[in-house]
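Breakdown of the fold
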Amino acid sequence: MKVYYYNEDKWTESGDLWQALSLDARMKRLRAVRENAPYVISFTGAGGKTSLIRRLACEGRERGLKVLVVTTTHMFRPKQYGVLTRSKGDVRRMLQKESIAVVGKEAGELKITFVGTWFYEQICPLADLVLVEADGSRRLPLKVPGVNEPVVPKNSHMVLSVLGLSALDQPAEKLCFRAEQAEEIMRVHGRPDYKDGGQWIVRPGDVACLMQHAYLYPLRVKYPSIPVIPVFNQADEPAQVQTVRGLLDAMGEERGIACGQLRFAPCVELF
């Protein structure tokens, strides 16, 4: 995995998502106010949320932390580290044994869903880091959320909004979840010729437009006290990394991130 971000105004390459998010400093500030409180990150959008959660869970465990993974929507049933019972003791034992617990309620078709607010609040204090898959995207790289989406827990300290670059130069109707709503955003905020020739072929500025108007702006209004950070995933080639850098500069997003080559990360099959 490669991560690119601005560090003191310098465009920086790293293999460490943790560092790009300044999590050591953020967790230290939280614990100065609330000792032993878990740091909660919610993942929204499309195009790699689960892969990024796996990566961050791996990095947290490497730092000696206990990492709790949950979903407020749906995610695939874990191959390992799963706790699919409503037992606080089972969650505690899994965290003590493996330092990672993926907690959910079985939802059929090899998926799990949210355990409910009461149980979620009971198990959060067992962990140092809580990673929440707070949005569903049907495994597509682009998405516009529905009326009641994303489902971000109220105890979140950070929201990552993810969109995937694999949609570039492809028809939006095939690779965007809720393409009709995305077209509404493009008609109001996007490039005037987005549907030149009768079909919308996704361009880099279109992904930025959806990131801003489907996720960043609405989430920052709803959660004004926490950072909402754009993550452009699937930037696997140097040219794509530079494309993301240009988009972040144009958007004025100093904390934005480009991620690539996640498929080569050793944690890709973590759970």
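Residues numbered from 1 in each chain as written. Predicted model: local features only at pLDDT ≥ 70, side-chain atom pairs only at ≥ 80, totals over all residues. Heavy atoms only, no water.

**Comments concerning the nonpolar core**
Membership of the largest hydrophobic core comes to 101 residues, with the highest contact counts inside it found for Ile-41, Val-91, Val-103, Leu-131 and Phe-271. With nine residues, the top contributor of residues to this core is helix H8 (residues 204-222). Sequence-distant contacts of Phe-271, that is, excluding residues within four places in its chain, are made with Ile-53, Arg-54, Ala-57, Val-69, Met-75, Pro-78, Lys-79, Gln-80, Tyr-81, Ile-100 and Val-102. (Core = buried A, V, L, I, M, F, W, Y, C linked by side-chain atoms within 4.5 Å. Buried < 20%, exposed > 50% of the residue type's maximum accessible area, 1.4 Å probe, protein only. Helix = DSSP H or I, 4+ residues; strand = E, 2+ residues; numbered from the N terminus. Contact = heavy atoms within 4.5 Å.)

**A word on the side chain of Glu-183**
Its place among the elements puts Glu-183 in helix H7 (residues 179-189). When neighbours within four sequence positions are excluded, Glu-183 is seen to be in contact with Tyr-194, Lys-195 and Trp-200.

**What to know about the pairing of strand S2 (residues 10-14)**
Consecutive side chains along a regular strand alternate between the two faces of the sheet. Where strand S1 (residues 2-7) lies against S2, five bridges are found, and the strand directions are antiparallel. Counterpart to Val-3 in the pairing with S2 is Ser-14. Hairpin geometry of S1 and S2 is characterised by an intervening segment of two residues between the two adjacent antiparallel strands and by a positive phi of about 50 degrees at Glu-8. (Pairing = 2+ DSSP bridges.)

**Points about the state of the cysteines**
For the structure on display, the rule yields zero disulfides. The cysteine Cys-259 is free of any disulfide, with Cys-267 supplying the nearest cysteine sulfur at 11 Å. Among the residues examined, Cys-259 registers a relative accessible area of 0% and is labelled buried. The thiol sulfur of Cys-267 is not disulfide-bonded, and the nearest other cysteine sulfur, from Cys-58, lies at 4.9 Å. Of the residues examined, Cys-267 reaches a relative accessible area of 2% and is grouped as buried. (Disulfide = S-S within 2.5 Å.)

**Quick word on H7**
The set of residues buried in H7 consists of Ala-179, Ala-182, Glu-183, Ile-185 and Met-186. For H7, the buried positions fall inside an angular range of 160 degrees around the axis, keeping them on one side. Across H7 from its buried face, at more than 90 degrees, point the exposed residues Glu-180, Arg-187 and Val-188. (Arc of directions from axis to C-beta.)

**Side note on the sheet that holds strand S4 (residues 67-71)**
Read from one edge of the open sheet, 10 strands run S2-S1-S15-S14-S12-S3-S10-S4-S7-S6, paired in mixed fashion. The open sheet has two edge strands with one neighbour each: S2 and strand S6 (82-83). Set on the sheet, helix H4 (residues 88-98) makes contact with S4, S6 and strand S7 (100-103); between it and S7 the angle comes to about 145 degrees. (Axes fitted to C-alpha atoms, helices over the stretch in contact; angles between N-to-C directions.)

**A word on the sheet that holds strand S5 (residues 74-76)**
Across the sheet, three strands lie side by side as S5-S9-S8; this open sheet has antiparallel pairing. The open sheet has two edge strands, S5 and strand S8 (105-106), and neither has a second partner. As paired elements, S8 and strand S9 (residues 111-113) share two bridges and run antiparallel to each other. When the sheet's bridge partners are listed, Lys-105 is paired in S9 with Thr-113.

In short, geometric facts, not functional conclusions.
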